[in-house]
Amino acid sequence: MTKRYKVWVSRPLFPEALARLEQHVELHAEAIERVHSPEQLRERLAGVDAAIIGLSDRVDAATLAGNHRLRVIANLAVGYNNLDIDALTRAGVLACNTPDVLNETTADYAWALLLAAARRVGAAERWLRAGQWTGAMRFDDWLGVDLHGKTLGILGMGRIGQAVARRAAGFDMRVLYHNRTRLPEVVERQCAACWVDKAALLRESDHLVLVLPYTPQNHHVIGAAELAQMKRGSVLVNIARGGLVDEAALAASLAAGHLAAAGLDVYEDEPVVHPALLALEQVVLSPHLGSASADTRRNMAQLATDNVLAGLGVGPDAGRPPTPINPQVLAARGVLGKA
Ligand code: 8YV
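Colleague: It is not clear to me how the overall build of the protein chain should be interpreted in this structure. Could you clarify?
Modeller: Helix and strand content of the protein chain: 14 helices and 12 strands. Here the C-alpha radius of gyration of the protein chain, 22 Å, is about what a compact globule of 339 residues would show, namely 20 Å. If one aligns the C-alpha atoms of the protein chain with their principal axes, the spans along those axes are about 75 × 50 × 35 Å. A burial count over the protein chain gives 48% of its 339 residues as buried.

Colleague: When you look at the nonpolar core in this model, what are you seeing that I'm missing?
Modeller: Taken as a class, soluble globular proteins show a tendency for nonpolar side chains to be buried jointly. In this structure, W111, L114, L152, I154, M157 and V164 are the most contacted members of the largest nonpolar core, which totals 34 residues. Mapped onto this core, the elements with two or more residues apiece are α5 (103–118), β6 (151–155), α7 (159–167), β7 (174–178), α8 (185–191) and β10 (235–238). Take this core: its biggest share by element is 9 residues, from α5. Beyond its immediate chain neighbours, meaning those up to four positions away, V164 contacts A107, A110, W111, L152 and I154.

Colleague: Whenever I open this one, the domain arrangement of the protein chain confuses me. Can you help?
Modeller: By a widely used convention, the size of an interface equals the accessible area lost when the partners come together. The domain architecture assigned to the protein chain consists of domain 1 (6–101 + 294–332) and domain 2 (103–285). Here domain 1 and domain 2 have C-alpha centroids that lie 32 Å from each other. Contacts between the two partners involve 8 residues from domain 1 and, on the opposite side, 6 residues from domain 2. A buried area of about 580 Å², summed over both sides, lies between domain 1 and domain 2, and 38% of it is on carbon and sulfur atoms. When the area that domain 1 buries against domain 2 is broken down by residue, the three leading residues are N81, D100 and T296, summing to 70%. Summed over the shared surface of domain 1 and domain 2, the number is 1 salt bridge. The closest approach of N and O atoms between D100 and R159, which form a salt bridge, is 3.3 Å. Put simply, domain 1 and domain 2 have 4 residue pairs in polar contact (both at pLDDT 80 or more) between them. In terms of residue class, the side of domain 1 that touches domain 2 is built from 4 nonpolar, 3 polar and 1 charged.

Colleague: I'm lost on the environment of V237 in this one. Help?
Modeller: The topology assignment puts V237 in strand β10. Through-space distance from the C-alpha of V237 to that of L115 is 9.9 Å; in sequence the pair is 122 residues apart. In this structure, V237 is in contact with A110, L113, L114, L208, V209, L210 and G263, ignoring residues within four places of it in sequence.

Colleague: Honestly, the site of the ligand in this entry has me stumped. Any pointers?
Modeller: Taken together, R11, L55, L76, A77, V78, G79, L102, R241, H288, S291, R297 and M300 are the residues near the ligand. L76 places a polar main-chain atom, nitrogen or oxygen, 2.9 Å from an oxygen atom of the ligand. At 2.6 Å, a side-chain N or O of H288 approaches an oxygen atom of the ligand. Protein chains shield 88% of the accessible area of the ligand, which is 330 Å² for the free molecule. For the shell around the ligand, the class distribution of residues is 6 nonpolar, 3 polar and 3 charged.

Colleague: How do you make sense of the sheet that holds strand β5 (residues 94–96) when you look at a structure like this?
Modeller: Hydrogen bonds along the backbone pair up the strands of a sheet, which may run parallel or antiparallel. Strand order in the open sheet formed by 5 strands is β2-β1-β3-β4-β5, with parallel pairing between adjacent strands. Each of the sheet's edge strands pairs with one partner strand only, and the pair in question is β2 (26–29) and β5. With strand direction ignored, the average angle separating the axes of adjacent strands in the sheet is 15°. Pairing analysis gives 4 bridges linking strand β1 (residues 6–9) to β2, with the strands arranged parallel. Paired with V9 across the two strands is A29, which belongs to β2. Here helix α1 (residues 15–24) sits on the sheet in contact with β1, β2 and β3 (50–53), set at roughly 145° to β2.

Conventions adopted
Residues numbered from 1 in each chain as written. Predicted model: local features only at pLDDT ≥ 70, side-chain atom pairs only at ≥ 80, totals over all residues. Heavy atoms only, no water. Helix = DSSP H or I, 4+ residues; strand = E, 2+ residues; numbered from the N terminus. Rg over C-alpha atoms; globule rule 2.2 N^0.38 Å. Buried < 20%, exposed > 50% of the residue type's maximum accessible area, 1.4 Å probe, protein only. Core = buried A, V, L, I, M, F, W, Y, C linked by side-chain atoms within 4.5 Å. Contact = heavy atoms within 4.5 Å. Domains from an automatic or database assignment. Buried area = accessible area lost by both parts, 1.4 Å probe. Salt bridge = Lys/Arg side-chain N within 4 Å of Asp/Glu carboxyl O. Polar contact = N/O pair within 3.5 Å; in protein donor to acceptor, adjacent residues only side chain to side chain. Nonpolar A, V, L, I, M, F, W, Y, C, P; charged D, E, K, R; others polar. Near = heavy atom within 4 Å. Areas by Shrake-Rupley, 256 points an atom, 1.4 Å probe, with all protein chains shown as cover. Pairing = 2+ DSSP bridges. Axes fitted to C-alpha atoms, helices over the stretch in contact; angles between N-to-C directions.

In structure tokens, the structure reads:
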């Protein structure tokens with residue numbers, strides 16, 4: 001049977017998601033992980049009706065120029081700083097992301113990084129594996145900083161930030177947050193979190209977690225000046241996007257002993273990590289794996305699949321993609337998206 005639509009999947013995906021796509025569309029799925037050049041991306045997108053892509057695939061007006069076929073782009077991420085949404089909307093392409101399914105997993109991981117950085121798990125494990133635990137350990141060796149009873153600051157209080165906040169109750173922490181818009185009181189109560197301005201957040205937090213989306217406006221939202229305003233001995237965790245932090249300034253602050261430690265899952269120029277950060281024992285580094293639990297990555301793949309099929313108008317939810325970013329495209333096509 002000839003299938004009406006062609007779909008490109010830019011990176012290897014779970015077989016069950018691919019199988020579901022294949023029931024409805026002609027599937028072109030990449031078998032190996034790679035970074036596509038702008039030209040390759042342009043070419044692949046020109047020949048299909050929809051695509052599932054990853055964060056390293058950057059789609060902008062140039063990628064879309066002359067493409068009159070593409071109808072749906074489903075990003076395998078909640079963040080979509082790799083997509084020029086205005087350009088997609090102008091081109092009539094529906095863009096979708098994978099919100100919510102990764103909130104709890106990513107919040108768990110923020111705590112993994114915070115605990116590991118504050119209690120020096122990475123450095124201590126490297127020391128032990130290197131065979132350096134050979135005699136009695138000093139009573140004042142490997143001293144970390146406590147989390148319990150301290151103040152947790154959250155910059156960016158969306159759904160992941162709220163999930164990070166809820167976990168703080170187990171550590172008896174005071175939770176402060178800063179967001180451009182203050183959350184409704186009922187949500188603040190659920191998270192046991194208080195809104196403060198950014199200066200107070202920096203000044204009062206013992207531990208600061210970044211969970212805000214990356215936009216050109218918040219590039220280096222944590223730079224040398226902000227680091228200087230943070231408490232001496234505090235810990236910074238970034239699970240959002242690397243461009244939020246001035247990495248050279250962070251390395252300098254850690255090296256000078258102002259910040260005690262940092263936990264980083266994201267970097268400005270992935271997969272490159274700033275050499276000054278690599279050189280510091282007090283930084284816990286991981287390769288952008290905040291959402292990487294088996295269940296959550298499967299759920300993200302299924303959600304991207306739902307978005308593609310529904311966006312193309314096939315399958316059980318035809319015309320009602322669950323998580324559109326620019327639903328006005330659907331309205332313009334005469335199909336109503338979910339509010
Ligand atoms: C990535 C993320 O999608 O959802 C996001 O915004 O940054 C991650 O969940 C994931 O690392 C897949 O590349």
